[in-house]
Amino acid sequence: VAALARLRDAVLFEGSFETAINEALPRDASQLAEKLASESMRELGFDASVSRSGRCLLTNDRFLSPEDSESSPGAPPAEPPLLAKLRVDRAGVNIHVDRGAFMECYARIMMRFTRLTMHQREKLEAVRRASVAVLLAPAGGGKTFVAVQRVVQVLNEDPDATVLFVARNEALALFVCKWLVIASRKSAEHVVERVHVLVAPFSSGPRRVHVEAAGGRRRLMFGNSRVEATTYALIVVDEAHHLVGDSSLRSELAELGAAESSLLFLGDVSQATSTISSPEEIARSLVDLPQDQGVVVATLSEVVRSTKRIVAGAAAFQL
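Right, let's walk through the structure included here. Bear in mind the structure is a predicted one, so any value in this text is a computation, not a measurement.

Cut-offs and rules
- Residues numbered from 1 in each chain as written.
- Predicted model: local features only at pLDDT ≥ 70, side-chain atom pairs only at ≥ 80, totals over all residues.
- Heavy atoms only, no water.
- Helix = DSSP H or I, 4+ residues; strand = E, 2+ residues; numbered from the N terminus.
- Buried < 20%, exposed > 50% of the residue type's maximum accessible area, 1.4 Å probe, protein only.
- Contact = heavy atoms within 4.5 Å.
- Areas by Shrake-Rupley, 256 points an atom, 1.4 Å probe, with all protein chains shown as cover.
- Pairing = 2+ DSSP bridges.
- Axes fitted to C-alpha atoms, helices over the stretch in contact; angles between N-to-C directions.
- Lys, Arg positive; Asp, Glu negative; His and termini not counted.
- Salt bridge = Lys/Arg side-chain N within 4 Å of Asp/Glu carboxyl O.
- Phe/Tyr/Trp six-rings, centres within 6.5 Å; stacked < 30°, edge-to-face > 60°.
- Lys NZ or Arg CZ within 6 Å of the ring centre and 35° of its normal.
- Core = buried A, V, L, I, M, F, W, Y, C linked by side-chain atoms within 4.5 Å.

Topic: the overall build of the protein
At step 1: Helix and strand counts for the protein stand at 13 helices and twelve strands.
At step 2: A burial count over the protein gives 46% of its 319 residues as buried.
At step 3: Considering only contacts in the protein between residues 6 or more positions apart, those separated by 24 or more positions represent 70%.
At step 4: Just so you have it, the protein exposes about 16100 Å², and 50% of that area is on carbon and sulfur atoms.

Considering the sheet that holds strand S12 (residues 296-299)
At step 1: Read across the open sheet, the eight strands follow the order S9-S8-S7-S6-S10-S11-S5-S12; overall the sheet is mixed. Two strands close off the open sheet at either side, each with one partner strand: strand S9 (217-226) and S12. Strand-to-strand twist in this sheet, taken as the mean axis angle between neighbours without regard to direction, amounts to 30°.
At step 2: Sheet topology places strand S8 (residues 207-214) next to S9; seven bridges connect them, and they run antiparallel. The residue bridging Ala214 from the neighbouring strand is Arg217, located in S9.

Side note on the environment of Gln149
At step 1: The topology assignment puts Gln149 in helix H7 (residues 143-157).
At step 2: Sequence separation of Gln149 and Leu116 is 33 residues, and the distance between their C-alpha atoms is 8.7 Å.

Quick look at the side chain of Asp268
At step 1: With respect to the element layout, Asp268 can be found in strand S11 (residues 262-268).
At step 2: Despite its burial, Asp268 pairs with no opposite charge; the closest candidate is Lys143, at 5.0 Å N-O.
At step 3: Apart from residues no more than four positions distant in its own chain, Asp268 is found in contact with Ala137, Pro138, Ala139, Lys143 and His241.

Remarks on the pattern of salt bridges
A side chain of one charge can pair with a side chain of the opposite charge if their charged atoms are brought near each other.
At step 1: Applying the stated rule across the entire model yields six salt bridges.
At step 2: Of the charged contacts in the structure, one is a salt bridge between Arg207 and Glu170, with a shortest N-O distance of 2.9 Å. Highlighted residues: Arg207 in strand S8 and Glu170 in helix H8 (residues 170-184), separated in sequence by 37 residues.
At step 3: Overall, Glu170 belongs to the partly exposed group, its relative accessible area being 37%.
At step 4: In this structure, the salt-bridge partner of Arg226 is Glu255, at a minimum N-O distance of 3.4 Å. With Arg226 in strand S9 and Glu255 in helix H10 (residues 247-255), this pair connects stretches of sequence that are 29 residues apart.
At step 5: For Arg226, a relative accessible area of 35% gives the class partly exposed.
At step 6: When salt bridges that share partners are traced, they join Glu125, Arg128 and Arg129 into one network.

So, the packing of aromatic side chains
At step 1: Within this structure, the stated rule accounts for two aromatic pairs.
At step 2: An angle of 35° between the planes, with centres 5.3 Å apart, marks the rings of Phe175 and Trp179 as tilted. Of this pair, Phe175 and Trp179 both sit in helix H8, separated by four residues, roughly a single helical turn.
At step 3: Judged by relative accessible area, Phe175 falls into the buried class, the value being 4%.
At step 4: Among the aromatic residues, ring-to-ring pairing joins Phe145, Phe175 and Trp179 into one connected group.
At step 5: Arg207 extends its terminal NZ or CZ atom over the ring of Phe222, reaching a point 4.6 Å from the ring centre.

Some thoughts on the nonpolar core
At step 1: Formed by 43 residues in total, the largest nonpolar core has its most connected members in Leu180, Val236 and Leu264.
At step 2: Once residues lying within four places of it in the same chain are set aside, the contact partners of Val236 are Ala147, Val151, Leu164, Phe165, Val166, Leu264 and Leu266.
At step 3: Val132, Tyr232, Leu253 and Ala283 belong to the second-largest nonpolar core, a separate cluster that totals 26 residues.

Examining the pairing of strand S10 (residues 234-237)
A regular strand places its side chains on the two faces of the sheet in alternate fashion.
At step 1: Alternating residues of S10 divide into Leu234 and Val236 and Ile235 and Val237, and every residue in both groups is buried.
At step 2: Across four bridges, the pairing between strand S6 (residues 163-167) and S10 is parallel. In the sheet register, Phe165 faces S10, and the bridge partner there is Val236.
At step 3: Two strands pair when backbone bridges link them, and S10 and S11 are joined in this way by four bridges, in the parallel orientation. Paired with Leu234 across the strands is Ser262, a residue of S11.

Side note on the environment of Met221
At step 1: By the secondary structure assignment, Met221 is in strand S9.
At step 2: When residues no more than four places from it in sequence are discounted, the contact partners of Met221 are Leu174, Arg208, Val209, His210 and Glu212.

The structure is reproduced here in structure tokens:
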């Protein structure tokens, strides 16, 4: 799980995964074509084709299992998901990872985790009792999973509650919304109408998420316009250690009246403690809190290592 978390960051935020792939591939287009057409690649389920625009499309028909296709009865089979886009020209080869396809696979793995450990339940109770909380964890410690459970609690306790989820990346925000639908055991439409998302650039404001049917599949999609002002029962800020002091986010949260809401900030324990004087600073750098406002800091110290669940998750990631 920790390795998957690091891979997620390398793909979505750092760009280091694309860099490593490009450095490993042959720069000559003809050599690349030979590799893509090899028997070993076909045995792994890969198929390569060239579009009219000269783009080489790499797909894998084993990336999604039949039960994951979400196709409606009578609908045509879903197209094999696009794993990567390779531009081949005189300058050589440049590969771009399809982040949406990666997040689909990552989501299927992580959603195998449906039960809190005893340690996670203790920390969930700690943040539940707090108006403002910072939840820290190492990679794979389950902070996002605990946050999802906290959101479910809030939505179940108050039928009129609305929650705001803040993330740097659209794909990650949609992943959390999908995980929330699974955890709540209610229809996607019922859940997402009560959850707004705020992603970079933060000045664009919160948006709704809606369910859209396309090609026989139902997907969560962002709305195009800013939602009307509302009072949020809970605001969750993911990867908050990367957002410390972000003036754009701080301004937007002030406009939303975040100081009047319950707040939950998620951060990586090693990065948070190495870059700031105290975890409490994460919260105070983004929201103008009263000086006497207490900030509860909870730390998940156990990395999830359930062999059965990891093996089950890995099975969904096989090519």
